[in-house]
Amino acid sequence: MASGAVAAGVVGAASVAAEPEALGPVRIRPGDPRYDSLLRGNNFRFAGRPEEIRVLGSTDQVVRAVTEAARAGRRVAVRSGGHCFENFTADPAVRTLLDLSGMDAVGYDAGRRAFAVQPGATLGQVYRTLFKGWGVTIPGGGCPAVGAGGHIAGGGYGALSRRYGSVVDHLYGVEVVVVDRDGTTRAVVATREHDDPHRDLWWAHTGGGGGNFGVVTKYWLRSPDATGTDPAKLLPPSPAEMLECVLAWSWEGMTERAFTRLVRNFGAWHEDNSAPGSRSAGLYAIFLLSHRAAGYFSLAVQTDAGLPDADGLVSEFVSAVTAGTGVEPVADTRRTMPWLHKMTWPGTGEAGDATARRYKNKAAYLRRSLTDEQLAAVHRNLTDATGSASSGMLLIGYGGQVRAVAPQATAVAQRDVVMKAVYYSTWTDAAEDAARLSWLRAFYRDVYADTGGVPVPGEVSDGSYINYPDVDLVDPRWNTSGVPGRTLYYKDNYPRLQRAKARWDPRGVFRHALGVEPPA
């Protein structure tokens, strides 16, 4: 028995010694059979032609790759999950594409009392690991294939954000590979500690967007009010189950009055039920207003099934949205399912034709319900003859705990808001590009006709969300408001982001079509 124990020990030691090394570094150039497969991100409208794709697996590898590219004067772009709505990583000017998808570790860092997440980890990986290991979570998005790298830096949100805030409200620190003025490339750790000399770099990643200041190689997450050393108490607890209700209405026989009443009710409920800590802050709803060509439109409501009277809360919400409309849904389902199952099931934009996935999205923040004129514009565009079944608009519940944070505390300036709006069109054939883009741009411009075709901050609108980037906002053909596109994204926080840009990327190594620009 003793010899068997020794033998087992030897086998265990050998297994530990054989642990695989980090992926990379791998350099892939045109002509390599892997090259074409790695060119595109999630949006097939865009495919660059870089001189090299660098597949990297560690911070040291990133430092070396950035050093080489910067010295050679090659434009650099960084990709983790690849879900960017625009061509930030596929710009023809990009000569070196850094692929960080292999940097996907998620774990607990006892030294920092925070959870460490590498940028290539998908949201699904993050949710699964945090749930299985410690029973905690983050209030992130509902598309599990999205990479943490861009999602967190842009101020991600999701089904738990009305209850727990934006994901950046739980961001403790960030490791970023930057290039100094003298060309030196190094990794810098920045935290939210007030005496941290690099705190402005942390702040820039709390909603400043990806690809602006350097290459994020690690995030650390811990709730701002968390104390002690028990990992299970350092982030919000994961719900055990999620209660979901889905309703659908047929476009057949739907009047403009009934339609606009439904949408107005949805907005009014959020105006009245989006205070931090309110009983309704645990409820999250998405109104999917599909074009008439789809035949129907739908409403999805989600909440933690463990909340007091969760089912009653959902019923109250449904009653408020449908009040006075005079129309009955053609479908009304309600079910409870394991929370992890729901959060890791493929989300919007992660299924369908794998050979051609093309789309354009436009977005806006809302401080209150759309005006009557805007609602009429929504109905007009969703019922016109030129739209398609795969086009439409989303109204997404927001607010709640998000509103408890001051606009200057993080780079996410839009804190006094209750909803987000997303205008979308998806298709498969490149020959449809012009028609689809034209329809969506006309729809958006119609809704914001009174403010130069864009959601200028005011009584109703509050700019747009950088994780739903739209280059039209910096194009004078589509933004005639006189308000700069970057102001729409960052409002009064933009000058501070510019100062961070000047300090941490003085050579302008990292840039894209909506990138933060240095001060004039």
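What you see is a predicted model, and the numbers here were worked out from it, not measured in a lab.

Concerning the packing of helix H10 (residues 372-382) against helix H11 (residues 433-447)
Consideration 1: The N-to-C vectors of H10 and H11 enclose an angle of 160°; their axes lie 8 Å apart at closest approach. Considering their axes alone, H10 and H11 lie roughly antiparallel with respect to each other. The handedness of the crossing between H10 and H11 comes out as right-handed. Here H10 contributes Gln374, Ala377, Val378, Arg380, Asn381 and Leu382 to the contact with H11, which in turn contributes Trp439, Ala442, Phe443, Asp446 and Val447.
Consideration 2: When the residues that make up the contact of H10 with H11 are grouped by side-chain class, the tally is 7 nonpolar, 2 polar and 2 charged.

Observations regarding the sheet that holds strand S5 (residues 106-109)
Consideration 1: Overall, antiparallel pairing links the 5 strands, which are arranged S5-S6-S9-S7-S8 in an open sheet. Looking at which strands have only one partner, the edges of the open sheet turn out to be S5 and strand S8 (185-191). When the angles between neighbouring strand axes are averaged without regard to direction, this sheet yields 25°.
Consideration 2: Bridge count between S5 and strand S6 (residues 114-117): 4 bridges; the pairing is antiparallel. Note on S6: the bridge partner recorded for Gly107 is Ala116.

Let's talk about the packing of aromatic side chains
Note on aromatic pairs: each is described by the distance of the centres and the angle between the planes.
Consideration 1: If you walk through the whole model with that rule in mind, you get 28 aromatic pairs.
Consideration 2: The structure contains a cluster of three or more aromatic residues connected by ring pairs, namely Trp249, Trp251, Phe259, Phe266, Trp269, Phe287, Phe297 and Phe317.
Consideration 3: For Arg112, the ring lying beneath its charged end belongs to Trp220, and the centroid distance is 4.6 Å.
Consideration 4: The ring of Tyr465 has Lys420 lying over it, and the distance from NZ or CZ to the ring centre is 3.3 Å.

Structural notes on the UniProt feature "domain: FAD-binding PCMH-type" (unreviewed entry) in the chain
Consideration 1: UniProt's feature table lists "domain: FAD-binding PCMH-type" (unreviewed entry) at residues 46-226, given in the numbering used throughout.
Consideration 2: Across residues 46-226 one finds 23% helix and 24% strand; the C-alpha atoms that close the span lie 42 Å apart.

Remarks on the pattern of salt bridges
Consideration 1: As enumerated under the stated definition, the model contains 35 salt bridges in all.
Consideration 2: Across the salt bridge formed by Arg79 and Asp99, the nearest N and O atoms sit 3.6 Å from each other. Of this pair, Arg79 sits in strand S3 (residues 76-79) while Asp99 sits in strand S4 (residues 96-99), and the two are 20 residues apart along the sequence.
Consideration 3: Between Arg415 and Asp169 there is a salt bridge; the shortest N-O distance is 2.7 Å. With a gap of 246 residues between them, Arg415 in the loop between strand S15 (391-397) and strand S16 (419-427) and Asp169 in the loop between helix H5 (161-164) and strand S7 (171-179) connect regions that are remote in the sequence.
Consideration 4: Overall, the relative accessible area of 12% leaves Asp169 in the buried class.

A short note on the sheet that holds S4
Consideration 1: Across the sheet, which stays open at both edges, the 4 strands sit in the order S1-S2-S4-S3 with mixed pairing between neighbours. Each edge of the sheet is formed by a strand with only one pairing partner; in this case those strands are strand S1 (26-28) and S3. Taking the axes of each pair of neighbouring strands and ignoring which way they run, one obtains an average angle of 20° across the sheet.
Consideration 2: By the bridge criterion, 4 bridges tie strand S2 (residues 52-55) to S4 in an arrangement that is parallel. Each residue of the ladder has a partner; that of Ile53, found in S4, is Leu97.

As for helix H2 (residues 59-72)
Consideration 1: The first and last C-alpha atoms of H2 sit 20 Å apart over 14 residues, in line with the 20 Å expected at 1.5 Å per residue.
Consideration 2: Taken residue by residue, H2 has Thr59, Gln61, Val62, Val63, Ala65, Val66, Thr67, Ala69 and Ala70 as its buried positions.
Consideration 3: Summarising the contacts, the buried residues of H2 are in contact with S2, S3, S4, S7, S8 and strand S9 (215-221).
Consideration 4: Downstream of H2 by one or two residues, Gly73 has phi in the positive range, about 75°.

Some words on the domain arrangement of the chain
Consideration 1: Entries for the chain in the domain assignment read domain 1 (22-238) and domain 2 (241-493).
Consideration 2: Relative to domain 2, the C-alpha centre of domain 1 lies at a distance of 26 Å.
Consideration 3: Summed over both partners, the interface of domain 1 with domain 2 buries about 4,100 Å², with 58% contributed by carbon and sulfur atoms.
Consideration 4: If you sort the residues of domain 1 by the area they bury against domain 2, Phe85, Tyr157 and Arg162 come out on top, with a joint share of 25%.
Consideration 5: Notably, a salt bridge pairs Lys360 with Glu86, separated by 2.6 Å at the nearest N-O pair.

Rules of the game
Residues numbered from 1 in each chain as written. Predicted model: local features only at pLDDT ≥ 70, side-chain atom pairs only at ≥ 80, totals over all residues. Heavy atoms only, no water. Axes fitted to C-alpha atoms, helices over the stretch in contact; angles between N-to-C directions. Helix = DSSP H or I, 4+ residues; strand = E, 2+ residues; numbered from the N terminus. Parallel < 35°, antiparallel > 145°, perpendicular 65-115°, else oblique. Left-handed = near helix turned anticlockwise from the far one by under 90°. Contact = heavy atoms within 4.5 Å. Nonpolar A, V, L, I, M, F, W, Y, C, P; charged D, E, K, R; others polar. Pairing = 2+ DSSP bridges. Phe/Tyr/Trp six-rings, centres within 6.5 Å; stacked < 30°, edge-to-face > 60°. Lys NZ or Arg CZ within 6 Å of the ring centre and 35° of its normal. UniProt positions renumbered as here; feature names shortened; annotations may be inferred. Salt bridge = Lys/Arg side-chain N within 4 Å of Asp/Glu carboxyl O. Buried < 20%, exposed > 50% of the residue type's maximum accessible area, 1.4 Å probe, protein only. Expected span 1.5 Å × (residues − 1). Domains from an automatic or database assignment. Buried area = accessible area lost by both parts, 1.4 Å probe.

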